[in-house]
Amino acid sequence: MTSMKISKLIRDIHHWGSPVLMLPLGVMIIAGLFLMVKKDFDWIQPPTQRSAVASEGAPDRTLAELYEAAAAIEVLEITAWDQFDRIDVRADRGVVKFVAPNRWEAQIDIATLEVVSLEYRRSDLIEQIHDGSFFADWVKTFIFLPAGVLLLVLWLTGIWMFFDPHIKRYQRKKRRAAAQRG
């Protein structure tokens, strides 16, 4: 292929790939922006609380006691240990976060077993929107993944389109200088 045909092919790929990406990339960007600031807005992700009781060394509470304290919270809708989506021990803060599949998060003080926070957690939902799994697994695999690959192709073709004129200009100058010398 000649340089002119390659440049036209690169421009065409870049031109026609862009509209294909508009919707999935827009969703990814907006959700990604929310994820970038999730710790700055309590509405997206509840802040991690601190235990009111300073503990020296490891707490003497068992996982069973912590589970019982969390399972007693009706809004979590938990009836068995394996139903929790996530259990996050924050030893430095003296709390354990229990995240239920319905996206409610309970933070329980390790020392007193008191609920120090009970809030709805939106960050996991936003993450699912960001990667496409919120819509369906096939959307993640067959729309968002190819959109990411196509975005990589557009990035590469954009780099080509940026540098190609500069390279050609340099080559023309070089040829002119060689022609003038010879």
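Residues numbered from 1 in each chain as written. Predicted model: local features only at pLDDT ≥ 70, side-chain atom pairs only at ≥ 80, totals over all residues. Heavy atoms only, no water.

## Thoughts on the overall build of the protein
- Along the protein, the regular secondary structure elements total four helices and four strands.
- The order of α-helices and β-strands along the protein, N terminus first, is α-α-β-β-β-β-α-α.
- For 182 residues, the compact-globule estimate of 2.2 N^0.38 gives 16 Å, and the protein exceeds it by more than 25% at 27 Å.
- Along the three orthogonal principal directions, the C-alpha set of the protein runs to about 90 × 40 × 25 Å.
- The buried share among the 182 residues of the protein stands at 26%.
- Long-range contacts, defined here as pairs at least 24 residues apart, represent 56% of the contacts in the protein between residues at least 6 apart.
- By element, 63% of the accessible surface of the protein is carried by carbon and sulfur atoms, the whole surface being about 12300 Å².
- With 23 positive and 22 negative side-chain charges, the protein shows a spacing of 27 Å between the two charge centroids. (Helix = DSSP H or I, 4+ residues; strand = E, 2+ residues; numbered from the N terminus. Rg over C-alpha atoms; globule rule 2.2 N^0.38 Å. Buried < 20%, exposed > 50% of the residue type's maximum accessible area, 1.4 Å probe, protein only. Contact = heavy atoms within 4.5 Å. Areas by Shrake-Rupley, 256 points an atom, 1.4 Å probe, with all protein chains shown as cover. Lys, Arg positive; Asp, Glu negative; His and termini not counted. Charge placed at Lys NZ, Arg CZ, Asp CG, Glu CD.)

## Focus: the pairing of strand 1 (residues 86–90)
- Strand direction decides the pairing type here: strand 1 and strand 2 (residues 95–99), joined by five bridges, are antiparallel. Bridging across to strand 2, Arg86 finds its partner in Val99. (Pairing = 2+ DSSP bridges.)

## Some words on helix 2 (residues 63–71)
- The complete set of buried residues in helix 2 reads Leu66, Tyr67, Ala69 and Ala70. Taken down its axis, helix 2 places every buried residue within 160 degrees of arc, on the same side.
- If you follow the buried residues of helix 2, they end up packed against strand 2 and strand 3 (104–109). (Arc of directions from axis to C-beta.)

## Description of the packing of aromatic side chains
- This structure, assessed with the given rule, holds seven aromatic pairs.
- Between Phe162 and Phe163 the ring centres are 4.9 Å apart and the planes differ by 90 degrees, which places this aromatic pair in the edge-to-face class.
- Residue classification places Phe162 among the exposed positions, given a relative accessible area of 52%.
- Note on Phe163: relative accessible area 45%, which makes it partly exposed.
- Through pairs of rings, three or more aromatic residues link up here, namely Tyr67, Trp81, Phe84 and Phe98. (Phe/Tyr/Trp six-rings, centres within 6.5 Å; stacked < 30°, edge-to-face > 60°.)

## Examining the packing of helix 1 (residues 3–36) against helix 3 (residues 123–131)
- For the pair helix 1 and helix 3, interaxial distance at closest approach is 8 Å and the crossing angle is 155 degrees. One finds that helix 1 runs roughly antiparallel with respect to helix 3. By crossing handedness, the relation of helix 1 to helix 3 is classed as left-handed. Along the contact surface, helix 1 presents Val27, Met28, Ala31, Gly32, Phe34 and Leu35, while helix 3 presents Ser123, Ile126, Glu127, Ile129 and His130.
- Split into classes, the residues belonging to the contact of helix 1 with helix 3 amount to seven nonpolar, three polar and one charged. (Axes fitted to C-alpha atoms, helices over the stretch in contact; angles between N-to-C directions. Parallel < 35°, antiparallel > 145°, perpendicular 65-115°, else oblique. Left-handed = near helix turned anticlockwise from the far one by under 90°. Nonpolar A, V, L, I, M, F, W, Y, C, P; charged D, E, K, R; others polar.)

## Focus: the nonpolar core
- If you look at the biggest cluster of nonpolar residues, it comprises 14 residues, and the most contacted ones within it are Ala70, Leu76, Ile78, Phe84, Phe98 and Ile108.
- Of all the secondary structure elements, the ones that give two or more residues to this core are helix 2, strand 2 and strand 3.
- Ranked by the residues each element gives to this core, the list is headed by helix 2, at four residues.
- Beyond its immediate sequence surroundings of up to four residues, Ala70 is in contact with Leu76, Phe84, Phe98 and Ile108.
- In terms of nonpolar packing, the next biggest core, distinct from the first, is built from seven residues, Leu25, Val139, Phe144 and Leu154 among them. (Core = buried A, V, L, I, M, F, W, Y, C linked by side-chain atoms within 4.5 Å.)

## Digging into unusual backbone geometry
- Unusually for a residue other than glycine, Arg103 sits at a positive phi of about 75 degrees.
- Relative to the elements of secondary structure, Arg103 occurs in the loop between strand 2 and strand 3.
- A positive phi angle, near 65 degrees, is found at Leu113, a position not held by glycine.

## Considering helix 3
- Buried residues of helix 3: Ser123, Asp124 and Ile126, and no others. For helix 3, the buried positions fall inside an angular range of 160 degrees around the axis, keeping them on one side.
- For helix 3, the secondary structure elements touched by its buried residues are helix 1, strand 1 and strand 2.
- One or two residues past the end of helix 3 sits Gly132, with phi positive at roughly 90 degrees.

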